[in-house]
Amino acid sequence: VPVGGGSGDEGLKPGVLAPQFTLPVVNDFKGGKKWGPGRWTGTPAPETPKKLVIMSFFATYCEPCKKEMPELARMYDAYKDQGLGVMLVSIDKGDAEKQTIIDLAKKNNVTFPVMHDRFQVVARRYSAERLPYMLMLDSTGTVKTVHVGYTDDVKANLENEVRAGLGLPPVSAAASTPKGVSTS
């Protein structure tokens, strides 16, 4: 889902330090009323450092984003104790959509922070031009992986990407063997 006039050279590149920000949290997250990547990543190390942080930009009008949200909620619940952090940034404009964002998070059992970038200031700093726009950050706050859009391929590989980022083995050998490659 395009978000505005883009240069075509989308998003941040792996290896760059993710820009720091804090935004208001709109959902029922227990960690605080303002949040950002610096709460979980960076130097000096934060109070509760994470090994891997998934940050995804979304909008309530974006259908692929709605498919991504329950999957991110599942990942967070499964791996938060192993060092995974997840945060969502809504780029819906103005306050009118705030309740829709809250309802969507509740419907998907989201327990991680959902922030509202209602003026799209952070989205611009991150060059979030198409949604969903997912970045994986390591403990230093460096971008490891970028996914634009949410396809079956992204969904199929997401769990093993998360596990790799946390230093865990893949879910199953069969799942990580490329099609047509024999392991016997």
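### Some details on the overall build of the protein
Phase 1 of the analysis: Across its full length, the protein holds five helices and seven strands.
Phase 2 of the analysis: Each helix and strand of the protein, placed in order from N terminus to C terminus, yields the pattern β-β-β-α-β-α-β-α-β-β-α-α.
Phase 3 of the analysis: The proportion of buried residues among the 184 residues of the protein is 47%.
Phase 4 of the analysis: Of the contacts made within the protein by residues no fewer than 6 positions apart, 72% connect residues no fewer than 24 positions apart.
Phase 5 of the analysis: Of the accessible surface of the protein, which amounts to about 9,300 Å², a share of 53% is contributed by carbon and sulfur atoms.

### Remarks on the pattern of salt bridges
Phase 1 of the analysis: By the definition in use, this model includes seven salt bridges.
Phase 2 of the analysis: In this structure, the salt-bridge partner of Asp28 is Lys30, at a minimum N-O distance of 3.6 Å.
Phase 3 of the analysis: Assessed through its relative accessible area of 61%, Asp28 is described here as exposed.
Phase 4 of the analysis: Salt-bridge contacts for Lys66 lead to Glu63; the nearest nitrogen and oxygen are separated by 3.2 Å. Of this pair, Lys66 and Glu63 are both found in helix α1 (residues 63-79), three residues apart, which corresponds to roughly one turn of the helix.
Phase 5 of the analysis: The class for Lys66 is partly exposed, based on a relative accessible area of 30%.
Phase 6 of the analysis: In the salt-bridge network here, residues are joined through shared partners; they are Glu71, Arg74 and Glu159.

### Let's talk about the side chain of Lys50
Phase 1 of the analysis: One can find Lys50 in the loop between β2 (34-35) and β3 (52-58).
Phase 2 of the analysis: With no salt bridge to any partner, buried Lys50 finds its closest opposite charge in Asp81, at an N-O distance of 6.6 Å.
Phase 3 of the analysis: In contact with Lys50, other than residues within four places in its own chain, are Trp40, Lys80, Gly83, Leu84, Gly85 and Ser139.

Rules used throughout
Per chain, residue numbering runs from 1 following the sequence as it is written. Confidence filtering applies because this is a predicted model: local features only for residues at pLDDT of at least 70, side-chain atom pairs given and counted only at 80 or more, and all residues used for totals across whole chains, interfaces and linings. Each side-chain value is derived from all of the structure's non-hydrogen atoms; neither hydrogens nor water enter the calculation. Helix and strand assignments come from DSSP, with helices taken as H or I runs of at least 4 residues and strands as E runs of at least 2, each series counted from the N terminus. For every residue, the accessible area obtained with a 1.4 Å probe (protein chains only) is divided by the maximum for its type, and the residue is called buried under 20%, exposed over 50%, and partly exposed between those limits. Here a residue-residue contact requires only that any non-hydrogen atoms of the pair lie within 4.5 Å. What sets the accessible areas is the Shrake-Rupley method with a 1.4 Å probe; for residues, cover comes only from the shown protein chains. Whenever a carboxyl oxygen of Asp or Glu lies within 4 Å of a side-chain nitrogen of Lys or Arg, that contact is scored as a salt bridge. The charge count treats Lys and Arg as positive and Asp and Glu as negative. His and the chain ends do not count.

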